[in-house]
Amino acid sequence: MTKPQILQCHVLLLDSEPPIWRRIVISDQITLDELHGVLQIVMGWEFSHLYDFKLGRDCYASQFPLPLEGTLDAATVSLASFQLTPGDKFTYTYDFGDGWRHQVTVADVLPWSEAAELPHCLEGDRACPPEDSGGVWGYEGLLERLADPEDPEYEELLDWIGVDFDPERFEVAAVNTQLRQHWPA
């Protein structure tokens, strides 16, 4: 068995413009299902939809409540089993209806440290789109409509998204607080 390592990864919501991204550190001992949980928190999603990971030719997903056709069990394979190196990339898709596709790039592989706070978000940019906003293009349309107080559905959209929503805001400290609640040291 190889020694545990720490992966520093860059997570990019594909096709978002300007880019919505996060930089995280995680243990390579976590399963893909656990990584799904980390990505839900760091991106700002709400655990409301199915997901999958594509690594090489294989596709991994939760097998609960039923396995997705053609997928392997994300809960039984750790990141370490892929022997990831800097520059390696894989895809995480969340909500097949809206199609939120994320590219996860391994930026660095670091030696294991018992003192490391894992998982941990180092930085990021821009708020996560709201759930069920229609994918990247639907979200862009939503932001355009919210910029126009004359839009006939402006008030309704504002009620749905929340008056305090700021597409430019990302709060790394709040994300790390949530991570600590889910993965206490």
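Each chain carries its own residue numbering, running from 1 in the direction its sequence is written. Note on the predicted model: pLDDT of at least 70 is required for a residue's local features to be given, and 80 or more for side-chain atom pairs to be given and counted; whole-chain, interface and lining totals, by contrast, use all residues. Side-chain figures throughout are based on the complete set of non-hydrogen atoms in the structure, without hydrogens or water.

1. Points about the overall build of the chain
Here's step 1: Strands are runs of DSSP state E lasting at least 2 residues, helices are runs of H or I lasting at least 4, and numbering of each runs from the N terminus. Of the regular secondary structure elements, the chain holds 4 helices and 8 strands.
Here's step 2: Along the chain direction, N to C, the helices and strands of the chain fall in the order β-β-α-β-β-β-β-β-β-α-α-α.
Here's step 3: Two things to know: the radius of gyration comes from C-alpha atoms, and the globule rule equals 2.2 Å times the number of residues to the power 0.38. Relative to the 2.2 N^0.38 estimate, which gives 16 Å for 185 residues, the radius of gyration of the chain is 17 Å and therefore close to what a compact globule would have.
Here's step 4: Taken over the C-alpha atoms alone, the chain extends approximately 60 × 40 × 30 Å along its principal axes.
Here's step 5: Using a 1.4 Å probe on the protein chains alone, a residue whose accessible area is under 20% of its type maximum counts as buried, one over 50% counts as exposed, and one in between counts as partly exposed. Across the 185 residues in the chain, those meeting the buried criterion constitute 43%.
Here's step 6: Note on contacts: a residue pair qualifies if any of its non-hydrogen atoms lie within 4.5 Å across the two residues. Within the chain, counting contacts between residues at least 6 apart in sequence, those at least 24 apart form 64% of the total.
Here's step 7: The Shrake-Rupley method, run with a 1.4 Å probe sphere, supplies the accessible areas, and residue values consider only the shown protein chains as cover. Looking at the chain as shown, the accessible area adds up to about 10,100 Å², and 52% of this sits on carbon and sulfur atoms.

2. A closer look at the sheet that holds strand 4 (residues 58-61)
Here's step 1: Being paired, for any two strands, means DSSP has found at least two bridges between them. Judged by pairing direction, the sheet is mixed, and its 8 strands sit side by side in the order 5-4-3-6-7-1-2-8 without closing on themselves. What marks the edges here is a single partner per strand, and that holds for strand 5 (72-73) and strand 8 (120-125).
Here's step 2: When strand 1 (residues 5-13) meets strand 7 (residues 100-111), the two strands line up antiparallel, connected through 9 bridges. By the bridge assignment for strand 7, I6 is matched with L110.

3. Observations regarding helix 2 (residues 135-146)
One turn of an α-helix holds 3.6 residues; hence residues three or four places apart share an orientation.
Here's step 1: Take the number of residues in a helix, subtract one, and multiply by 1.5 Å to get its expected span. Between its terminal C-alpha atoms helix 2 stretches 16 Å, which fits the 16 Å expected from 12 residues at 1.5 Å a residue.
Here's step 2: Taken as a whole, helix 2 has its buried residues at G135, V136, Y139, L142 and L146. Buried residues of helix 2, seen end-on, are gathered within an arc of 135 degrees and therefore sit on one face of the element. Opposite the buried face of helix 2, by more than 90 degrees, sit the exposed residues W137 and E144. The arc in question is the one traced by the directions running from the helix axis out to the C-beta atoms.

4. Details of unusual backbone geometry
Here's step 1: Going from E17 to P18, the amide bond is cis rather than trans, its omega being 0 degrees.
Here's step 2: Summarising the element assignment, P18 is placed in the loop between strand 1 and strand 2 (21-27).
Here's step 3: A cis amide bond links L118 with the next residue in sequence, P119, at an omega value of -10 degrees.
Here's step 4: Of note, P119 is situated in the loop between strand 7 and strand 8.

5. Let's talk about the packing of aromatic side chains
Each aromatic ring pair is characterised by the separation of its centres together with the angle its planes make.
Here's step 1: Centres within 6.5 Å are what make two rings of Phe, Tyr or Trp a pair, Trp counting through its six-membered ring; a difference in plane orientation under 30 degrees is then read as stacked, over 60 as edge-to-face, and the rest as tilted. Under the definition given, this model contains 8 aromatic pairs.
Here's step 2: On the basis of an interplanar angle of 40 degrees and a centroid distance of 6.2 Å, the ring pair of Y51 and Y92 is categorised as tilted. One end of the pair, Y51, is in strand 3 (residues 51-55); the other, Y92, is in strand 6 (residues 89-94), with 41 residues separating them in the sequence.
Here's step 3: Given the relative accessible area of 4%, Y51 is considered buried.
Here's step 4: Summarising the aromatic geometry, the rings of Y139 and F165 are spaced 6.5 Å apart at their centres and angled 80 degrees between planes, so their arrangement reads as edge-to-face. Here the residue Y139 occupies a position in helix 2, and F165 occupies one in the loop between helix 3 (154-161) and helix 4 (172-182), the gap between them amounting to 26 residues.
Here's step 5: Three or more aromatic residues joined by ring pairs make a cluster, and in this case those are Y51, F53, F90 and Y92.

6. Things to note about the packing of helix 1 (residues 32-43) against helix 4
Here's step 1: Interaxial distance between helix 1 and helix 4 falls to 9 Å at its minimum, and their mutual angle equals 150 degrees. Taken together, the axis directions place helix 1 and helix 4 in an arrangement best described as roughly antiparallel. The hand of the helix 1/helix 4 crossing is right-handed. Note on element contacts: helix 4 touches helix 1 through V175, Q178, L179 and H182, opposite V38, I41 and V42.
Here's step 2: Ten residues, namely Ala, Val, Leu, Ile, Met, Phe, Trp, Tyr, Cys and Pro, are considered nonpolar, four, namely Asp, Glu, Lys and Arg, are considered charged, and the remaining ones, Gly among them, are considered polar. A per-class count over the contact of helix 1 with helix 4 returns 5 nonpolar, 2 polar and no charged. To define axes, lines are fitted to C-alpha atoms, for helices over the stretch in contact only, and angles between the resulting N-to-C directions are given on a 0 to 180 degree scale. Reported orientations rely on four angle classes, namely roughly parallel under 35 degrees, roughly antiparallel over 145, roughly perpendicular from 65 to 115, and oblique for the rest. Crossings are sorted by hand: turned counterclockwise from the far helix by less than a right angle, the near helix makes the crossing left-handed, and turned clockwise it makes it right-handed.

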